[in-house]
Amino acid sequence: MMTGLVRVVADAFGATLGSALIYTTGVVLLMIFHRPAPLREYPRKYLLFGGLLFVFYESSISLSIGLASTAESSVEVSLVNYLWPTMMVLLTAAVFPTVRRRGVAADRRNIAAAANDGTADGVGGRSDGNTRPSRLRSVLRVLPGAIVATAGVVLAVGGNSGLDWGLAAQHIAANPLPYLLAFAGASAWSVYAVFTPAMADGKDGTSVFFPFVAVALWVIHFTSGEGWPPAAPSIWGWLAVLGAAASIAGGYACWGHGILHGSMRTLAMASYAAPVLSTAASAVLLGLALSLPFWCGALLVAAGSILNWWISSRRR
């Protein structure tokens, strides 16, 4: 739904002005329904590190879409942006490893204890408390599911839009900047989601960071040279601004609550549904048909997420 509303706003107001209006309206809605705590209650590291990542992500995504030269390029750029769920899954596995390996020193102690006791049980029975997590093995465990789900996202989003891989390669070679910005933004968002909850001290900074995003987008708009649209937007354009602002601001507020109080592994696996649901809702809003590749991609996303859930739920 959000992508479709943003598209309607961009058609009515232009890409840069539309984004600035959406986030400015989002700031107003957040101040009404999700007021932030006093700034002194937020850890400074969280405000600085989290704020920079949040603003950079939003600005880079808006710029990347605005710099895309064609509608096909916009779809391709959005696919690069949708790499963030995969990055988040892999980064979560690396930062919070679930597969454990036995330490060498612990093995030696257990072997010595078993030799002194005259039994072999000490080797296996005493090693459980002396194991340590293996980041590489944790990443490798989630990699198959991540690949399957990512392929599903590409098929659902790109296939439903008639993505041409040969043409996409030509677009990247001719105008690489929007793709680089989208990739950098996806990386920044995965880092934000994984690392900032430990810095936040239970405080959600979404309502604090949103005004800075709005300011950044207004700066981008004024420096871009785009002015007010030649024809006054209709009431439907303004309603689309309100709807997009409510969707984006509400989504980020819920996401902020989730990464602070929920399970990062569950959120990481569920995040694959975001681009698929966004594509489906946008297609309905814009009156587009959902093609067979979309449904195949949706099934792959579900299969990849279930695979990761099954692997994570197995005995480690």
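Note that this is a predicted model, so its numbers are computed, not measured. (Residues numbered from 1 in each chain as written. Predicted model: local features only at pLDDT ≥ 70, side-chain atom pairs only at ≥ 80, totals over all residues. Heavy atoms only, no water.)

(A) Up close: the overall build of the protein chain. For the protein chain, the count of helices and strands is 15 helices and two strands. Per-residue burial for the protein chain yields a buried fraction of 44% across its 316 residues. Put simply, 89% of the contacts in the protein chain that link residues at least 6 apart link residues at least 24 apart. (Helix = DSSP H or I, 4+ residues; strand = E, 2+ residues; numbered from the N terminus. Buried < 20%, exposed > 50% of the residue type's maximum accessible area, 1.4 Å probe, protein only. Contact = heavy atoms within 4.5 Å.)

(B) Fine view of the pattern of salt bridges. Following the criterion strictly, the structure yields one salt bridge and no others. The shortest N-O distance in the salt bridge between lysine 203 and glutamate 41 comes to 3.2 Å. In this pair, lysine 203 is assigned in the loop between helix H10 (177-195) and helix H11 (206-224) and glutamate 41 in the loop between helix H2 (15-33) and helix H3 (44-67), connecting sequence segments 162 residues apart. Here lysine 203 falls in the partly exposed class, since its relative accessible area comes to 25%. (Salt bridge = Lys/Arg side-chain N within 4 Å of Asp/Glu carboxyl O.)

(C) Region of interest: the nonpolar core. Grouped together as the largest cluster of nonpolar side chains are 64 residues, with contacts concentrated most on Tyr23, Phe54, Trp84, Trp189, Tyr192, Phe210 and Tyr252. Of all the elements, helix H12 (residues 235-261) adds the most residues to this core, at 11 residues. Counting residues in each nonpolar core, the second largest holds five residues, with Ala68, Val77, Val80 and Tyr179 among its members. (Core = buried A, V, L, I, M, F, W, Y, C linked by side-chain atoms within 4.5 Å.)

(D) A look at the side chain of threonine 206. With respect to the element layout, threonine 206 can be found in helix H11. According to the relative accessible area criterion, threonine 206 is buried, its value standing at 1%. With residues near it in sequence (within four places) discarded, threonine 206 still touches Leu30, Tyr252, Ala253 and Gly256.

(E) Fine view of unusual backbone geometry. Phi is positive for aspartate 201, which is not a glycine, with a value near 55°. Looking at the secondary structure, you find aspartate 201 in the loop between H10 and H11.

(F) Seen up close, the packing of H10 against H12. Contact pair H10 / H12: the axes reach a minimum separation of 9 Å and the direction vectors enclose 45°. Viewed along their axes, H10 and H12 adopt a mutual orientation that is oblique. On the side of H10, the interface is formed by Trp189, Tyr192 and Ala193, while H12 contributes Tyr252, Trp255 and Ile259. Of the residues belonging to the contact of H10 with H12, the class tally is six nonpolar, no polar and no charged. (Axes fitted to C-alpha atoms, helices over the stretch in contact; angles between N-to-C directions. Parallel < 35°, antiparallel > 145°, perpendicular 65-115°, else oblique. Nonpolar A, V, L, I, M, F, W, Y, C, P; charged D, E, K, R; others polar.)

(G) A look at the confidence of the model for the protein chain. The share of residues in the protein chain with pLDDT of 70 or more is 79%, and the mean pLDDT across the chain is 79. Across the protein chain, H2 holds the top mean pLDDT of 92, while helix H7 (residues 121-125) sits lowest at 44. Considering only residues more than four positions removed or in separate chains, one finds that residues 110-115, a stretch of pLDDT under 50, has 11 contacts. Below a pLDDT of 50 lies the segment residues 119-130, which in the model reaches 18 contacts outside its immediate sequence neighbourhood of four places, other chains included. (pLDDT = per-residue confidence, 0-100.)

(H) Structural view of the packing of helix H5 (residues 84-95) against H10. Between H5 and H10, whose axes approach to 9 Å, the crossing angle comes to 40°. Between H5 and H10, the angle falls in the class oblique. Crossing of H5 against H10: the hand is right-handed. Of the residues in H10, those in contact with Trp84, Met87, Met88, Leu91, Thr92 and Val95 of H5 are Phe183, Ala186, Ser187, Trp189, Ser190, Val191, Ala193, Val194 and Phe195. (Left-handed = near helix turned anticlockwise from the far one by under 90°.)

(I) Quick peek at the side chain of glutamate 58. One can find glutamate 58 in helix H3. Under the relative-accessibility criterion, glutamate 58 is labelled buried at 3%. A distance of 2.3 Å separates polar atoms of two side chains, one belonging to glutamate 58 and the other to tyrosine 23. Residues in contact with glutamate 58, not counting those within four places in the same chain, are Tyr23, Val213 and Tyr252. (Polar contact = N/O pair within 3.5 Å; in protein donor to acceptor, adjacent residues only side chain to side chain.)

(J) Focus on a nonpolar patch on the surface. A contiguous nonpolar surface patch, about 720 Å² in accessible area, is contributed by Trp228, Ile235, Trp236, Trp238, Leu239 and Leu242. Within the element layout of this structure, leucine 242 appears in helix H12. (Patch = residues over 30% accessible without salt bridge, like charges linked within 9 Å, V, L, I, M, F, W, Y side chains within 5 Å. Areas by Shrake-Rupley, 256 points an atom, 1.4 Å probe, with all protein chains shown as cover.)

(K) Inspection of the packing of aromatic side chains at higher detail. Under the counting rule described, the total for this entry stands at 18 aromatic pairs. Aromatic side chains tryptophan 189 and tyrosine 252 sit 5.4 Å apart centroid to centroid with 75° between the ring planes, which places their arrangement in the edge-to-face category. Taken as a pair, tryptophan 189 in helix H10 and tyrosine 252 in helix H12 lie far apart in primary sequence, 63 residues in all. Here tryptophan 189 and tyrosine 252 have matching classes, each one buried. Feature note: the residues Tyr23, Tyr42, Tyr46, Phe54, Tyr57, Trp189, Tyr192, Phe209, Phe210 and Tyr252 constitute an aromatic cluster, connected by ring pairs. (Phe/Tyr/Trp six-rings, centres within 6.5 Å; stacked < 30°, edge-to-face > 60°.)

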